[in-house]
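Single-letter residue listing:
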Amino acid sequence: ANHRPSLQFYNFCLKGYRSLKDPSSSSLVMEMIDFEDGIDPSYESYREYICCLLEGRRFKPAIHVFGQMTKAAFEPDTKLINVYITCFANSKTLQHHDIAWGMYISESASKVYIEPGTHLTMFDSCVAHARMNRILEVGQRMETRHVQMGHKRLEALR
């Protein structure tokens, strides 16, 4: 009898490796899905893999897989958007800040729910990279959404 793993099994593995913060093992699971005849990654597969890569600070592969996901006609959900913005904004490089900013602005404009923690992370990233106009814009968005800034962030706006 042919006992091939199902997509649900692979997704379970991806979720487990994400919780273990193990992007290398997640990459192997995605390779196994690619080689398995008749199985295509689902949105859940892509989401767990991208989140694992981002949380493991593997930004370049995450961008690549995000592109593959959109080519496969999957749109990111709110959870993935918030992880994507937060992870890139937490990076110390200006290029990653700009990637986070681009998604933050486009998703805010499209009325996607941006979690309070994502606003805070984006604000802190703008402060770290001395992006004054962006600090004000994020601050205004936080104020209209009643996100608590805290004393330190309010000082940055003065």
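A quick note: this is a predicted structure, and the numbers were derived from the prediction, not measured.

*Asks:* Any chance you could explain the overall build of the protein chain here in plain terms?
*Replies:* Assigned secondary structure in the protein chain consists of nine helices and zero strands. Ordered by position from N to C terminus, the α and β elements of the protein chain give α-α-α-α-α-α-α-α-α. Counting only C-alpha atoms and orienting by the principal axes, one finds that the protein chain spans roughly 70 × 25 × 25 Å. A buried classification covers 45% of the 158 residues belonging to the protein chain. Taking all contacts inside the protein chain whose residues are at least 6 apart in sequence as the whole, residues at least 24 apart take part in 60%. Of the roughly 9100 Å² that the protein chain leaves accessible, carbon and sulfur atoms contribute 55%. Of note, the protein chain has its 19 positive side-chain charges centred 7 Å away from the centre of its 18 negative side-chain charges.

*Asks:* How do you make sense of helix α1 (residues 7–19) when you look at a structure like this?
*Replies:* Because each turn of an α-helix spans 3.6 residues, side chains separated by three or four positions end up pointing in the same direction. Spanning 13 residues, α1 covers 18 Å between terminal C-alpha atoms, matching the ideal 18 Å at 1.5 Å per step. When we look at burial in α1, the residues that qualify are Leu7, Tyr10, Asn11, Cys13, Leu14 and Arg18. One face of α1 carries all of its buried residues, which in axial projection span an arc of 155°. Set apart from the buried face of α1 by more than 90 degrees, the exposed residues are Gln8, Phe12 and Ser19. Tucked inside the fold, the buried residues of α1 contact α2 (23–35), α3 (43–55) and α5 (78–90). Downstream of α1 by one or two residues, lysine 21 has phi in the positive range, about 55°.

*Asks:* What's the story with the side chain of threonine 118 in this structure? I'm lost.
*Replies:* Checked against the element boundaries, threonine 118 lands in helix α7 (residues 116–128). With a relative accessible area of 2%, threonine 118 lands in the buried category. Once you skip the residues sitting within four places of it in the chain, threonine 118 turns out to touch Asn82, Ile85 and Thr86.

*Asks:* It is not clear to me how helix α6 (residues 94–109) should be interpreted in this structure. Could you clarify?
*Replies:* Between its first and last C-alpha atoms α6 spans 22 Å; for 16 residues at 1.5 Å apiece the expected length is 22 Å, and the two agree. Lysine 111, located one to two residues past α6, shows a positive phi value of around 70°.

The rules behind these values
- Residues numbered from 1 in each chain as written.
- Predicted model: local features only at pLDDT ≥ 70, side-chain atom pairs only at ≥ 80, totals over all residues.
- Heavy atoms only, no water.
- Helix = DSSP H or I, 4+ residues; strand = E, 2+ residues; numbered from the N terminus.
- Buried < 20%, exposed > 50% of the residue type's maximum accessible area, 1.4 Å probe, protein only.
- Contact = heavy atoms within 4.5 Å.
- Areas by Shrake-Rupley, 256 points an atom, 1.4 Å probe, with all protein chains shown as cover.
- Lys, Arg positive; Asp, Glu negative; His and termini not counted.
- Charge placed at Lys NZ, Arg CZ, Asp CG, Glu CD.
- Expected span 1.5 Å × (residues − 1).
- Arc of directions from axis to C-beta.

The analysis is restricted to geometry; functional conclusions fall outside its scope.
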